[in-house]
Structure formats: structure tokens, C-alpha cells
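# Tertiary structure, described
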Amino acid sequence: MSKTPLGPGPVTLDVVGLQLDSEDRRRILDPLTGGVILFARNFANRKQLTQLTAEIKKLRPDVLISIDHEGGRVQRCKTDGFTHLPAMRKLGELWLAKNKSTYAAESAALAMAAATACGYVLASELRACGVDFSFTPVLDLDFGRSGVIGDRSFSRDPQIVFALAKSLNEGLRLGDMANCGKHFPGHGWAEADSHVAIPVDERSLKEILNDDAKPYEWLDLSLAAVMPAHVIYPKVDKNPAGFSKVWLHSILRQELGFEGVIFSDDLSMEGASVAGSVVKGAELALEAGCDAVLICNRPDLADQLLTKLKVSSAKQAESMLRLNRLMPSSPAPTWEELQDQAEYQHAKGLLKQFQLI
């Protein structure tokens, strides 16, 4: 007998290909599943993507369909009409005045307008194909040290990161999509790539809070979701931020007052291996304060989670309440309808004017 889902659970998992197979369907129907994350392998063209998201929603109308779609080198849908958005560093460069030692108000205004346009185009194109949510924007500072962050960052300056992220978030909101700031409290200083290594940041709590974490503090209520880094900050806690009650509960929830969704980063990444098994990692992440855990590119590990992870009814109810806030508020226009919308045409025109697309 199949299990009947009671609402979105804390596990976000992926699907294997361009359409659902029987194993995908089984995992999506599991009560612990609350989200499906898509990758480039799940995209052939707009028609196929729209059919895939419709099939997922037919199975589970309550699951959040998400994607990592930032622009630049992290953009899963690049063909068949999708706008290839710029890396966020391009917006930071637009902010800078000709005299790099000062900021020009005009350049800042143009950059913020471009960021809003980016967010709107990103959200509206994905929504037209049935995707609910994108894990963006990156709030990490660009110290010139982290190859995995690099041009995904708006700037080294937390004030510029804050202003451009807030503008991009406004564009997402206009496209009826929530946002996700990542990777809390900051992945820009640690040199190692948490996909293949365990990054360590030796700086003090004061240094991090006064620099890297400032965008999270300033964005405040405009942040709908946060994804912590698989980085260890040994002067603060022995655990990576995504498994740390200090970072997620004491600092993010209590000190910074964040009330939105906390997603773990992918538990199959090397940076999560310090937690032990995938089940232990998920338990630690949820105990530390995450509302949802991601498991990507490893169907076998997803099965372990769905089989062995125990979540209290109170924790699931709390997570479900927060996750539901990320759902779009109304049906999206079709792709054809979107092309005729003046707001969409204006946003694309701005990006072309600034030579960003």
C-alpha cells in the first residue's frame, strides 16, 4: 500500500531524467518529500520541462519544485528561448563608477534596476514552465579566494551585495517567486570547494558578523529562505554552519531574527561528510534548525533518507508551515502570454541596454 502524503515534508530530492520513472514517482509520493530540485539533465526544451513539472504537480500539488538558476555559470535552462542571464559580478561591476575609488549614484541606480530586471526575467521564465522557486541570490562576498564562488558574487563590498540582492529579490517577487540567500554566513573566504572538500574558515565570529553576514542582517524580512554553507568556522563551532545550532539557532534565528525557511545545502557534497551517514547528516541539520534538507544526484541516498529518517510531527508541522510560504501566490502565465507582457519586454530591454544579455 502506498503512503499518503500529509503535506510537504523536510526532504528535497531530485529526479533522474527528462520524465518521471516509477522510482521517481515513489520517492515524490513519500510523506517525507516536500520538494523536488531540477538540474540541467532534467531540461531538454521548454515543452519537456513544462510537461515534467506538470507531471510532478499532478502527483503532489504541495511539493515545491525548485532549481539552482542564478545566471552566469549556474543556470540550468539556457536554450529554447530562456534568457542567458549574466553572472552577478557583472551587476557589481555596473555599480562601480568610472573612478573605481568612489561610487557614482547614477551607476548604483542603474545596477539596482538591472538587478531587479534580472530577478524578474529569471522568475517569470521559470514560472512559465512550472518551476516554483530558485536558490538565488548568492550573498557571499568576493574575496578573490574561492573559485567555486568567484563571479557568482555581486561584490566584495557587503553594502553592494545587500543593495543588489535586495533589488534582485524585488524582481523575483514581481515574478511571483521567493528568494534564497546563500551560503550563510559566507563561503567567500574559504578557498576549498565544499562539493569536493571540507572548507575551513579560521576567522573570528566578530570578523564574519561584521563583514560576510551583514547582507543577511540588512536584508532582514525581505529574505524568504537561507541556505547555510558547508564550511567549518572553528572559532565559532566545530560543526559546519549547516549542522550548527550556534549558527542557525543562536545567530541566524535569535540574533539576526530570521523567520524564513532554512535549507541545508546538498547532503551528498563532500562538505557534509563530516556529519557521517546521510541520515545522520539530515538529523543533525534538522536538529540544528534546518527546515528542509537537500539530497541531490544520489537516488540511493535519497532512498536511505526516506526509509530511515525520523522526524517528529511537531518538527514536520513547523517546517511545513514555513515551506508553504515559498509557494507562488497565483497561476503563472504561459510562455506565449509572457512574451506579450510589457513588464517582461521592458526588463529584457533593460538588460540588453546594459549589455548584460
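Our structure's up above, just so we're on the same page.
I will try to describe carefully the structure that is included in this document.

The next thing to look at is the overall build of the protein chain. A count of helices and strands for the protein chain gives 13 helices and 8 strands. Relative to the compact-globule value of 21 Å for 357 residues, the protein chain shows a C-alpha radius of gyration of 19 Å, a close match. Projecting the C-alpha coordinates of the protein chain onto the three principal axes gives extents of approximately 65 × 55 × 30 Å. A total of 357 residues make up the protein chain; the buried ones form 58% of that total. Pairs at least 24 residues apart make up 76% of the contacts formed inside the protein chain by residues separated by at least 6 positions. When the accessible surface of the protein chain is totalled, it reaches about 14,600 Å², and 53% of it is carbon and sulfur. Taken as two groups, the 40 positive and 45 negative side-chain charges of the protein chain have centres that lie 1 Å from each other.

This part covers the nonpolar core. Core analysis: the biggest nonpolar cluster contains 92 residues, and V11, L38, I56, L91, W247, I295 and L305 have the highest contact counts within it. Not counting the four nearest positions on each side in its chain, W247 is found in contact with F184, P185, L205, I208, L209, Y233, V236, A241 and L252. Of all hydrophobic cores here, the second largest spans 16 residues; its members include F135, M227, L294 and L326.

Here we come to the pairing of strand 1 (residues 11–14). In the case of a regular strand, side chains alternate between the two sheet surfaces. Burial along strand 1 is two-sided: the face carrying V11 and L13 and the face carrying T12 and D14 are both buried. When strand 1 meets strand 2 (residues 33–38), the two strands line up parallel, connected through 4 bridges. Bridge pairing links D14 to I37 in strand 2. At this point the chain moves from strand 1, through helix 1 (residues 22–29), to the parallel strand 2, and the crossover so formed is right-handed. In terms of strand pairing, strand 1 meets strand 8 (residues 292–295) through 3 bridges, oriented parallel. Note on strand 8: the bridge partner recorded for V11 is V293.

In this section: the sheet that holds strand 4 (residues 133–134). With respect to topology, 8 strands assemble into an open sheet ordered 4-3-2-1-8-7-6-5, the strand pairing being parallel. Only two strands of the sheet have a single neighbouring strand rather than two, namely strand 4 and strand 5 (181–184). The sheet strands contacting helix 9 (residues 278–288) are strand 7 (261–266) and strand 8, and the helix crosses strand 8 at an angle near 150°.

Here the focus is the environment of H249. Here H249 is to be found in helix 8 (residues 245–255). For H249, a relative accessible area of 40% corresponds to the partly exposed category. When the C-alpha positions of H249 and C290 are compared, they lie 9.2 Å apart, and in sequence the two are 41 residues distant. Every residue in contact with H249, bar those within four places of it in the chain, is listed here: S244, Q254 and A288.

Across the 6 residues of strand 7, 6 count as buried, placing the element largely inside the fold. Relative to strand 7, strand 6 (residues 225–228) is paired through 2 bridges, and the arrangement is parallel. Pairing of V226 across the sheet is with I262, part of strand 7. With helix 8 bridging strand 6 and the parallel strand 7, this β-α-β connection has right-handed handedness.

For the rest of this paragraph, the subject is the side chain of R46. Tracing the backbone shows R46 in helix 2 (residues 46–59). Within polar-contact distance, the side chain of R46 engages the backbone oxygen of D80 at 2.5 Å.

Moving on: the packing of aromatic side chains. Tallied over the entire structure, the rule returns 10 aromatic pairs. Over the ring of W189 we find R145, and its NZ or CZ is 3.9 Å from the ring centre.

Criteria and thresholds
- Residues numbered from 1 in each chain as written.
- Predicted model: local features only at pLDDT ≥ 70, side-chain atom pairs only at ≥ 80, totals over all residues.
- Heavy atoms only, no water.
- Helix = DSSP H or I, 4+ residues; strand = E, 2+ residues; numbered from the N terminus.
- Rg over C-alpha atoms; globule rule 2.2 N^0.38 Å.
- Buried < 20%, exposed > 50% of the residue type's maximum accessible area, 1.4 Å probe, protein only.
- Contact = heavy atoms within 4.5 Å.
- Areas by Shrake-Rupley, 256 points an atom, 1.4 Å probe, with all protein chains shown as cover.
- Lys, Arg positive; Asp, Glu negative; His and termini not counted.
- Charge placed at Lys NZ, Arg CZ, Asp CG, Glu CD.
- Core = buried A, V, L, I, M, F, W, Y, C linked by side-chain atoms within 4.5 Å.
- Pairing = 2+ DSSP bridges.
- Right-handed = clockwise from strand over helix to strand, strands pointing away.
- Axes fitted to C-alpha atoms, helices over the stretch in contact; angles between N-to-C directions.
- Polar contact = N/O pair within 3.5 Å; in protein donor to acceptor, adjacent residues only side chain to side chain.
- Phe/Tyr/Trp six-rings, centres within 6.5 Å; stacked < 30°, edge-to-face > 60°.
- Lys NZ or Arg CZ within 6 Å of the ring centre and 35° of its normal.

Without other data, these values stay purely geometric and don't point to any function.
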